Amino acid sequence: MAPYDALELQVIDQKGYEYIRAREGVPIDDELVRFLRRTHAYELGWVKVDGAKYIRYERIASVAIRRGLEEESGAAALGSDESPTS
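Trainee: I keep staring at the sheet that holds strand β1 (residues 4-11) and nothing clicks. Help me out?
Mentor: Backbone hydrogen bonds are what pair the strands of a sheet, in a parallel or an antiparallel way. Taken in spatial order, the three strands line up as β2-β1-β5 in an open sheet, and their pairing is antiparallel. Of all strands in the sheet, those with a lone pairing partner are β2 (17-21) and β5 (60-69), marking the two edges. In this sheet, adjacent strand axes meet at a mean angle of 30° when their direction is disregarded. Across seven bridges, β1 lies against β5 in antiparallel orientation. Paired with Val11 across the two strands is Ile60, which belongs to β5. Running over the sheet, helix α1 (residues 28-37) touches β1, β2 and β5 and is turned about 170° from β5.

This is the structure we're talking about:
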């Protein structure tokens, strides 16, 4: 898989990070502007992150752009509040 860009979210009271991939055809910088202005997919009180998970907007402590994430790196998986199994 090709590397992808995403918004990296730090969530209050949660270890690790959650990720929102840039939508197809939308530069990650524009996705960040949409997120900060709460337009398009970010108008509601819940934000969809990678996987089938939703986070309440007010629980997000910080957001950053991460470029070149790898699908198999496990970054998104370890960003959730679930512990990896040994």
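Further notes follow.
Trainee: Before we go on, may I ask you to explain the environment of Tyr4 in this structure?
Mentor: Inspection of the secondary structure puts Tyr4 in strand β1. For Tyr4, a relative accessible area of 12% gives the class buried. C-alpha of Tyr4 to C-alpha of Glu71: the two residues are 67 residues apart in sequence and 7.8 Å apart in space.

Trainee: Looking at this structure, how should I read the pairing of strand β3 (residues 46-49)?
Mentor: Walk down a regular strand and you will see the side chains alternate between the two sheet faces. The side-chain alternation of β3 yields one buried face, formed by Val47 and Val49, and one unburied face, formed by Trp46 and Lys48. As paired strands, β3 and strand β4 (residues 53-56) are joined by four bridges and run antiparallel to one another. Paired with Lys48 across the two strands is Tyr54, which belongs to β4. Joining the antiparallel neighbours β3 and β4 is a turn of three residues, in which Gly51 adopts a positive phi near 90°.

What counts, and where the lines are drawn
- Residues numbered from 1 in each chain as written.
- Predicted model: local features only at pLDDT ≥ 70, side-chain atom pairs only at ≥ 80, totals over all residues.
- Heavy atoms only, no water.
- Pairing = 2+ DSSP bridges.
- Helix = DSSP H or I, 4+ residues; strand = E, 2+ residues; numbered from the N terminus.
- Axes fitted to C-alpha atoms, helices over the stretch in contact; angles between N-to-C directions.
- Contact = heavy atoms within 4.5 Å.
- Buried < 20%, exposed > 50% of the residue type's maximum accessible area, 1.4 Å probe, protein only.

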